[in-house]
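Each chain is listed here by its residues.
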Amino acid sequence: MTTPSALSPEQSPEQSRDGSPSPDAEQERAQDAAPAPDEATDPAPVEVAVAEPVIAERDTEPAAERTEAELRTMLGLGPVGAVMPLGVRARGWIVTGVVGVIAALLRLIGLNHPKTLMFDEIYYVKDAYSLWHLGYEAAWDDKAGSADAAFAMGDFSKLTDSAAYVVHPQLGKWLIGAGMEIFGPESPFGWRFMPAVAGILTVMLLARLTMRLTRSPLLAGLAGLLLAIDGVALTESRIGLLDVFIGFFATLSLYCLVRDREWSRARLARKMAGTTPGARAPHATIRPWLLAAGIALGLTCSIKWSGLYLVAVSGIAVVTWDTLALRRVRARAWFLEGTVAQGVSDFLQAIPVIIVVYVGCWWSWFTHLGAFKHGWTAEQIKQGLPVPAPWLSGYVDNSVFEKINDFIAYHQQMYEFHVGLDAPHTYQSKPSGWLLQTRPTSFFWEDKAQVPQTCGGGDCIQAITSIGNIVIWWSAVVALVAVVIIGIKNRDWRAWVPLIGYLGLYVPWFQYRDRTIFTFYTVAFVPCVVLVLVLALGMASGLLPPLPGSASADTQLEALFRRQIGPGIRPWRGMGARFLGFGPQFARTPVWTPPMEETDPGIYRINPTLADADDDLEPGDPLTDPRTDAALARGYDELTGYPAPSTSEDATKPAWSDGGAPQPAGRRRPWASLAKWTMAPTWQIRTEGIGLIIVVTLLACAAAAFWWPIWTGQTVSRSFWVSHMFLSSWI
């Protein structure tokens, strides 16, 4: 027996899952319909016999068929054919372009400084040059450590044709080399151009992902801006390392997963329209956005192997979302359908694509026999030693057999290196301190012996340290707790999008207690750090509307129906805000609340002239489902961020609607200017939340200006540098 749905309130407790009466109920009605002979003359049973057919007709009424619109609401989607207004969409693209320009200016200006190879550029930049000129990573003649200095001066003669042992896939170095081919390998700007492009594109992509999740150009622009001015993202966009590419492809993977979730749920609602609860789920099909996610995840793994954990977490998220979608629509055997049938289909669509993309990115290794580890299998067989996959000999020719075994052996050696790396390093750090930026990485340091003494204070130095913008990182720690609680309590899937990044790109590092690892690895998931902060700010400010079909949306609609919230009254506030005193506490039972109006943002007063909807409610009268009424349904769509297009019928909107509420004379509705910057009703916007956004943004911008000289290697005095090292662990 299942709980009756709000969409079919007539279903009685005696009905089975498919809406038909249970056998016990049919037996009782059969007995009541056939009275004994000695009761035929009794007038009382005659009255019962007249009323009984009505009861029987109601009880045997089959479960109502669901419409596509109803199913979309169950699945957290907007109405059929709902699109954002053109003005909102245009602003979304405008802010994407603006934050892209800001990111470009911050990353490209002065990119050729310093003119020497810094930190791990001594590996990746030289490997990139070797890949583009030999087709594989080769060793450099580095007698007396002269190869790095010669390379920086444009002398590449120390490159040999002997294969070098490298421990990361080739894609990231191919990308770095592309910039060197454009601007010349002797140009520091060319070494760092492609990482800068990746950083710029990540900023713009995060803005689009945020726009997809929040439907708010304001929050999308805020996310892009905060990522553009973060120190971790900025410094790693200005150095020829690999990890910034992980951040880009990981963010692209999350974007594709979000699009796939929307696409698959819209298809599910469309296919199951006209069915009753208990109907079979539609057959699995090719999902284009899941294939795109597989490509993005394959590219992530082709930069560094740390992307493998993101693959695992993303797979779990996709299967979980698919299973819960079938549960929401009450499909038959929803758990087995989601975890087995749909899960197998998801696996077969994504994993082979990831493998093909990853192996394909090694094409140059397969086609150049001088690359590292080629010939290893032949030597093993010659000496009678084992190889990783001897069984392949019966299926492929000898050349392919040797290449495959060489490839597998190479990866085994890479794995042994990664798990065994424990050489101490001055700037190594533990993951437990990454979110608080307790030990940032120093990429570059030159003191007065190499730096012109032009700083004015004497003892001039140049330093590049990947200190994250502490306003963003420290605020995001608090936001992370709030987002996790909201994601679990309100079952808001939007909260789990950045958490996928945390689980796939941050948490796995805790298993390597003795490995040499660094804080700059956080650039892989810094977009998720920013997204967590922006989602928390959106929830606090009312710019993030509740999901259609969620318990939060139903609760807010009930409060709206009771005139406890609404235009000119007050916005909805969650438990935390009400606990802090930013709004009254609303009970779920009908209670009287004084009619109040907002005179100024955040200031309320009792107005006896306002009508109080609670006066018409009896204490024991339950509310019916407001969505069954056309006007209330329109208000529900507006509340969840899907308002109907403005028409000549707007004058007939209910009084509590955002567009139909009478406005006090001489006073503009608070935050009405944000109507084109969010899809949430403007009366839902909370003053304290907007104030918090302003404070965080201003402090983050001030922090970026404060640490800009340390992020970009400007010439400063040693005392200036020390004054910017807030924690002793930063030095």
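Residues numbered from 1 in each chain as written. Predicted model: local features only at pLDDT ≥ 70, side-chain atom pairs only at ≥ 80, totals over all residues. Heavy atoms only, no water.

### With respect to the state of the cysteines
In step 1: The tally for this structure, following the rule as stated, stands at one disulfide.
In step 2: Across the disulfide from C455 sits C460; the S-S distance is 1.9 Å. Here the disulfide of C455 and C460 is left-handed, its torsion about the S-S bond being about -90°.
In step 3: The exposure class of C455 is partly exposed, given its relative accessible area of 24%. (Disulfide = S-S within 2.5 Å. Buried < 20%, exposed > 50% of the residue type's maximum accessible area, 1.4 Å probe, protein only.)

### Digging into the layout of surface pockets
In step 1: In this structure, the second largest pocket spans a volume of roughly 1,000 Å³.
In step 2: What lines the second largest pocket is a set of 40 residues, and nearest its centre among them are Y124, V167, H168, F417 and H418.
In step 3: Elements represented by at least two residues in the lining of the second largest pocket include exactly α5 (121-134), β1 (138-140), α11 (243-271), α13 (307-328) and α17 (398-420).
In step 4: At five residues, α5 tops the list of elements feeding residues into the lining of the second largest pocket.
In step 5: Of the residues that constitute the lining of the second largest pocket, the class distribution is 28 nonpolar, five polar and seven charged. (1 Å grid on protein atoms, 1.4 Å probe; cavity = no way out; pocket = protein on both sides within 12 Å on 5 of 7 lines; lining within 4 Å. Points joined across faces, edges and corners; volume = space filled by probe spheres on them. Helix = DSSP H or I, 4+ residues; strand = E, 2+ residues; numbered from the N terminus. Nonpolar A, V, L, I, M, F, W, Y, C, P; charged D, E, K, R; others polar.)

### Thoughts on the packing of helix α18 (residues 470-489) against helix α20 (residues 526-541)
The description of two helices packed together rests on the angle between their axes and the distance between the axes.
In step 1: Where α18 contacts α20, the two axes come as close as 8 Å, and the packing angle between them is 65°. Considering the angle they form, α18 stands roughly perpendicular to α20. The chirality of how α18 crosses α20 is left-handed. Residues I472, W473, S475, A476, A479, L480, V483 and I486 of α18 pack against V526, V529, V530, V532, L533, A536 and M539 of α20.
In step 2: For the contact of α18 with α20, a count of residues per class yields 14 nonpolar, one polar and no charged. (Axes fitted to C-alpha atoms, helices over the stretch in contact; angles between N-to-C directions. Parallel < 35°, antiparallel > 145°, perpendicular 65-115°, else oblique. Left-handed = near helix turned anticlockwise from the far one by under 90°. Contact = heavy atoms within 4.5 Å.)

### Topic: helix α21 (residues 551-561)
In step 1: All of the buried residues in α21 are A553, T555, Q556, L557, A559 and L560.
In step 2: Of the residues trailing α21, R563 is marked for its positive phi of about 65°.

### A word on the sheet that holds strand β3 (residues 442-446)
In step 1: With antiparallel pairing, three strands are arranged side by side in an open sheet as β3-β4-β7. Two strands bound the open sheet, and with one partner strand each, they are β3 and β7 (715-717). Averaged over all pairs of adjacent strands, the angle between strand axes in this sheet comes to 40°, irrespective of strand direction.
In step 2: Inspection of the sheet shows strand β4 (residues 460-465) paired to β7 by three bridges, in the antiparallel sense. Considered in β7, the bridge of I461 is made with V716.
In step 3: Docked against the sheet, helix α24 (residues 687-712) engages β4 and β7, running at close to 95° with respect to β4. (Pairing = 2+ DSSP bridges.)

### A short note on the environment of A312
In step 1: Structurally, A312 is set in helix α13.
In step 2: For the pair A312 and I500, spaced 188 residues apart in the sequence, the C-alpha separation amounts to 9.9 Å.

### Let's talk about the nonpolar core
In step 1: Grouped together as the largest cluster of nonpolar side chains are 149 residues, with contacts concentrated most on F151, L226, Y502 and F525.
In step 2: Take this core: its biggest share by element is 12 residues, from α20.
In step 3: If sequence neighbours within four positions are ignored, Y502 has contacts with L435, L480, V507, P508, F525, C528, V529 and V532.
In step 4: With 14 residues, the next largest nonpolar core counts L75, A266, A269 and L326 among its residues. (Core = buried A, V, L, I, M, F, W, Y, C linked by side-chain atoms within 4.5 Å.)

### Description of the confidence of the model for the protein chain
In step 1: Summarising the model, the protein chain shows a mean pLDDT of 83, and 80% of its residues fall at 70 or more.
In step 2: In this model residues 587-592 is a low-confidence stretch, pLDDT under 50, and it forms 12 contacts with partners more than four residues away in sequence or in other chains.
In step 3: Here residues 648-653 scores under 50 on pLDDT; set against residues more than four positions off or in separate chains, the count is six contacts. (pLDDT = per-residue confidence, 0-100.)

### Side note on the packing of α11 against helix α19 (residues 496-505)
In step 1: For the pair α11 and α19, the least separation of the axes is 10 Å and the interaxial angle reads 135°. By the angle class used here, α11 and α19 are oblique. The interaxial crossing formed by α11 with α19 has right-handed handedness. In contact with I246, A250, L254 and V258 of α11, α19 contributes V497, I500 and L505.
In step 2: Among the residues forming the contact of α11 with α19, the class breakdown is seven nonpolar, no polar and no charged.

### Structural notes on a nonpolar patch on the surface
In step 1: The grouping of F335, L336, V340, V344, F347 and L348 at the surface amounts to a nonpolar patch, some 610 Å² of accessible area in total.
In step 2: Looking at the element boundaries, L348 is found in helix α14 (residues 334-360).
In step 3: With a relative accessible area of 56%, L348 lands in the exposed category. (Patch = residues over 30% accessible without salt bridge, like charges linked within 9 Å, V, L, I, M, F, W, Y side chains within 5 Å. Areas by Shrake-Rupley, 256 points an atom, 1.4 Å probe, with all protein chains shown as cover. Salt bridge = Lys/Arg side-chain N within 4 Å of Asp/Glu carboxyl O.)

### What to know about the side chain of R215
In step 1: Here R215 is to be found in the loop between α8 (188-214) and α9 (217-228).
In step 2: For the buried residue R215, which engages in no salt bridge, the nearest side chain bearing the opposite charge is E262, 7.3 Å off.
In step 3: Within the structure, the side chain of R215 is placed 3.2 Å from the backbone oxygen of G641, a separation counted as a polar contact.
In step 4: With sequence-adjacent residues up to four places away left out, R215 is seen in contact with M84, V88, T210, G641, Y642, T678 and M679. (Lys, Arg positive; Asp, Glu negative; His and termini not counted. Polar contact = N/O pair within 3.5 Å; in protein donor to acceptor, adjacent residues only side chain to side chain.)

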